[in-house]
Amino acid sequence: MTITGFSGMNTGTVGRAYNKNYEFSDVVSFSTSRHNLRMGYQFLRDWKYASNNFNASGAFTFSGQRSGHAIADFLLGVPVTLGIRNLAVSDTFANYNGLFVQDDFRVTQRLTFNLGLRWDGTEPYVDRRGYQPYFRPGATSTVYPRAPRGTLFPGDAGVPQSDGALNARPAD
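Computed from a predicted structure; not experimentally measured. (Residues numbered from 1 in each chain as written. Predicted model: local features only at pLDDT ≥ 70, side-chain atom pairs only at ≥ 80, totals over all residues. Heavy atoms only, no water.)

J.: Run through the overall build of the protein chain, naming residues and quoting values.
T.: Tallying secondary structure elements over the protein chain gives 1 helix and 10 strands in all. Ordered by position from the N terminus, the helices and strands of the protein chain form the series β-β-β-β-α-β-β-β-β-β-β. Burial analysis of the protein chain (172 residues in total) assigns 22% to the buried set. Total accessible area on the protein chain stands at roughly 12100 Å², and carbon and sulfur atoms take up 57% of it. (Helix = DSSP H or I, 4+ residues; strand = E, 2+ residues; numbered from the N terminus. Buried < 20%, exposed > 50% of the residue type's maximum accessible area, 1.4 Å probe, protein only. Areas by Shrake-Rupley, 256 points an atom, 1.4 Å probe, with all protein chains shown as cover.)

J.: Requested: an account of the pairing of strand E3 (residues 35–52), with residues and values cited.
T.: In this structure, strand E2 (residues 15–31) lies alongside E3, joined through 17 bridges in antiparallel fashion. Bridge pairing in E3 places Tyr22 opposite Arg45. Counting the residues in the hairpin turn of E2 and E3 gives 3 residues. (Pairing = 2+ DSSP bridges.)

J.: Which residues make up the confidence of the model for the protein chain, and what are the values?
T.: With 80% of its residues at a pLDDT of 70 or more, the protein chain shows a mean pLDDT of 81. Within the protein chain, the lowest mean pLDDT, 76, falls on strand E5 (residues 81–83), and the highest, 94, falls on strand E7 (residues 111–122). In the predicted structure, residues 163–172 sits below a pLDDT of 50 and forms 11 contacts with residues beyond four places in sequence or in another chain. (pLDDT = per-residue confidence, 0-100. Contact = heavy atoms within 4.5 Å.)

J.: Quick rundown of the sheet that holds E5? Include the residues and the values.
T.: Strand order in the open sheet made by the 3 strands is E1-E4-E5, with mixed pairing throughout. Across the chains shown, the open sheet's two edge strands, defined by having one partner strand only, are strand E1 (2–3) and E5. Pairing of E1 with strand E4 (residues 59–62) involves 2 bridges; the strand directions are parallel. Pairing of Thr2 across the sheet is with Thr61, part of E4.

J.: Could you give me a rundown of the pattern of salt bridges, with the residues and numbers involved?
T.: Evaluation of the coordinates by the stated rule reveals 3 salt bridges. Here Arg38 makes a salt bridge to Asp104, at a shortest N to O gap of 3.2 Å. Of the two residues, Arg38 sits in strand E3 while Asp104 sits in strand E6 (residues 88–108), which places them 66 residues apart along the sequence. Residue Arg38 is classed as partly exposed on the basis of its relative accessible area, which comes to 24%. With a relative accessible area of 16%, Asp104 lands in the buried category. One salt bridge in this structure joins Lys48 and Asp46, with 3.4 Å as the shortest N-O distance. Looking at Asp46, the relative accessible area reads 13%, which means it is buried. (Salt bridge = Lys/Arg side-chain N within 4 Å of Asp/Glu carboxyl O.)

J.: Can you break down the environment of Thr140 residue by residue, with the values?
T.: On the secondary structure map, Thr140 appears in the loop between strand E9 (134–135) and strand E10 (151–152). Spatially, the C-alpha atoms of Thr140 and Thr151 are 7.1 Å apart, while their sequence positions differ by 11 residues. Setting aside its immediate chain neighbours within four residues, Thr140 contacts Pro145, Arg149 and Leu152. Looking at Thr140, its side chain comes within polar contact range of the side chain of Arg149, at 2.9 Å. (Polar contact = N/O pair within 3.5 Å; in protein donor to acceptor, adjacent residues only side chain to side chain.)

J.: Go over the pairing of E4 with me, naming the residues and quoting the values.
T.: The pairing of E4 with E5 spans 3 bridges and is antiparallel. The partner of Thr61 across the bridge, within E5, is Thr81.

J.: Explain a nonpolar patch on the surface to me, and be specific about the residues and the numbers.
T.: Together, Phe24, Tyr41, Leu99 and Trp119 make up a nonpolar patch on the protein surface, roughly 410 Å² of accessible area in all. Tracing the backbone shows Leu99 in strand E6. Judged by relative accessible area, Leu99 falls into the partly exposed class, the value being 41%. (Patch = residues over 30% accessible without salt bridge, like charges linked within 9 Å, V, L, I, M, F, W, Y side chains within 5 Å.)

J.: Please set out the packing of aromatic side chains residue by residue, giving values where relevant.
T.: For the structure shown, the criterion picks out 6 aromatic pairs. Among the aromatic side chains, those forming a connected cluster through ring pairs are Tyr22, Trp47 and Phe93. The ring of Trp47 carries Arg45 above its face, with NZ or CZ at 5.5 Å from the centroid. (Phe/Tyr/Trp six-rings, centres within 6.5 Å; stacked < 30°, edge-to-face > 60°. Lys NZ or Arg CZ within 6 Å of the ring centre and 35° of its normal.)

Structure below.
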């Protein structure tokens, strides 16, 4: 709460956040007199959760614009601005896969070639509840009709269901 010319008050922000990671990796090695061959795989699921109730109880500004004095506006309960937000929740995950092959090839006692190949596959973060919005200018959502125009959600026509798969094309 802001009262022009005076110290403001704040209800504080309560929230929680955590990350969970699940990982599996393995490496296999094979050696001979001239080769040291290694192959490996890694899988990582990164979960991110956050909730925040910033401004859930309201953000009021009393400036004196209504009565001529900021304290009088406060005592009368007539703010010049008021903002209220709902609880914001983010519950997303992404998968990562990595593969590699490496060979240390000893050509001579003084010359060794280090050869290798690596592939990293990183998927985009996806909301576990399907709250991934899509944007189509001028369209109105049938799932959430009060959402801003142009914002669409899984369940609206032409918007794919959020299943964790990468969909790089725009919604039709």
